[in-house]
Amino acid sequence: MNFSAVHVHLAINHSPLYGELFALCLVIFGLIKARREFVTAGLVVCIVAALCGIAADLTGDGAANFVSHANPPIAGVDKTLIKEHDLAASFFVGSSCITGVLAIVVLFIGHRRGVRPRWMEVVMAIFIAWSLSVAGRTAFLGGRIHHEEVRAIR
C-alpha cells in the first residue's frame, strides 16, 4: 500500500485536537484536586499537541494538493472548502504554539523556583481552552471538506 500526504494528514490530524482536550482535562483536574503533577502532565501534553499541530499543518498542503488535483475527482469532496480549513489550520498552529511556548515558560519557572504560582496554572488552563476551541473549529472545517453530513451545520 502506498502512503500519500493524504494518508499521513488523516492519520495525525486528530491528535492536536485530542491532545489539547486531554491537556485541558489534566490541568483542570490538577487545579481542582490541588495535584501539581497533573497540571505538569497537562502542560507537557499541551506542548506535544502543539508539535502535532505543526505536523498536521505541514502535511495539509500535500493533502490539499492531492485532493484538488485528483483525477478522477474524489467523490464527496468539496474542494471549495479547503482554503477556509487551511486558514483555520494556520491560526491553530499559531494558537497552539503560543500556548505551547507559555507552557514551557510556566514549566521552566516552576522548575527554577521549585513551585509554580497557581495563577500561572489558571492562566494556562484559559490558554489551553482557547487553543482547544481553535482546534475544534479547524477540525469542524476540515470535516466539512469530505463529510456531507457536517456541511449542513453552519
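Preceding this section is the structure that the text describes.
Within each chain, residue numbers correspond to sequence positions counted from 1 in written order. Residue-level local features of this predicted model are given only where pLDDT is at least 70; pairs of side-chain atoms are given and counted only at 80 or more, and the full residue set underlies all totals for whole chains, interfaces and linings. Each side-chain value is derived from all of the structure's non-hydrogen atoms; neither hydrogens nor water enter the calculation.

**As for the packing of helix α4 (residues 82-113) against helix α5 (residues 118-146)**
- For the pair α4 and α5, the least separation of the axes is 9 Å and the interaxial angle reads 160°. In this view, α4 runs roughly antiparallel relative to α5, as classed from their interaxial angle. Taken as a pair, α4 and α5 cross one another with a handedness that is left-handed.
- Tallied by class, the residues present in the contact of α4 with α5 amount to 19 nonpolar, 7 polar and 3 charged. Comment: axis = line fitted to C-alpha atoms, over the contacting stretch for helices; angle = value between 0 and 180 degrees taken between N-to-C directions. Under the DSSP-based scheme used, a helix requires at least four consecutive residues in state H or I and a strand at least two consecutive residues in state E, with every element numbered from the N terminus. What sets the label is the angle itself: under 35 degrees gives roughly parallel, over 145 gives roughly antiparallel, 65 to 115 gives roughly perpendicular, and the rest give oblique. Left-handed describes a crossing whose near helix is turned anticlockwise from the far helix through less than a right angle; right-handed describes the clockwise counterpart. Put simply, Ala, Val, Leu, Ile, Met, Phe, Trp, Tyr, Cys and Pro go in the nonpolar bin, Asp, Glu, Lys and Arg in the charged bin, and everything else, Gly too, in the polar bin.

**Structural notes on the nonpolar core**
- Definition of nonpolar core: a set of buried residues of the types Ala, Val, Leu, Ile, Met, Phe, Trp, Tyr and Cys, connected through side-chain atoms within 4.5 Å. Relative accessibility thresholds used throughout: buried, under 20% of the residue-type maximum; exposed, over 50%; partly exposed, between the two (1.4 Å probe, protein chains only). Of all hydrophobic cores here, the largest spans 21 residues; its most connected members are V27, L43, M124 and I128.
- The set of elements that each furnish at least two residues to this core consists of α2 (15-33), α3 (36-68), α4 and α5.
- Ranked by residues supplied to this core, first place goes to α5 with 7 residues.
- Contact criterion: two residues are considered in contact whenever any of their non-hydrogen atoms come within 4.5 Å of each other. For M124, the contacting residues outside a window of four places in its chain are L43, T99, L102, A103 and V106.

**Quick word on the pattern of salt bridges**
- Salt bridge, as applied in this entry: a Lys or Arg side-chain nitrogen positioned within 4 Å of an Asp or Glu carboxyl oxygen. Applying the stated criterion across every chain, the model contains 4 salt bridges.
- A salt bridge links E84 to R137, with the shortest nitrogen-to-oxygen separation between them at 3.8 Å. Here R137 lies in helix α5 and E84 lies in helix α4, a separation of 53 residues in the sequence.
- Residue classification places E84 among the partly exposed residues on the basis of a relative accessible area of 34%.
- Here E121 ties to R116 by a salt bridge, and the two come within 2.9 Å at their closest N and O atoms.
- You can call R116 buried: its relative accessible area is 9%.
- Connected via shared salt-bridge partners are R36, R116 and E121.

Interpretation in functional terms is not warranted from these geometric data alone.
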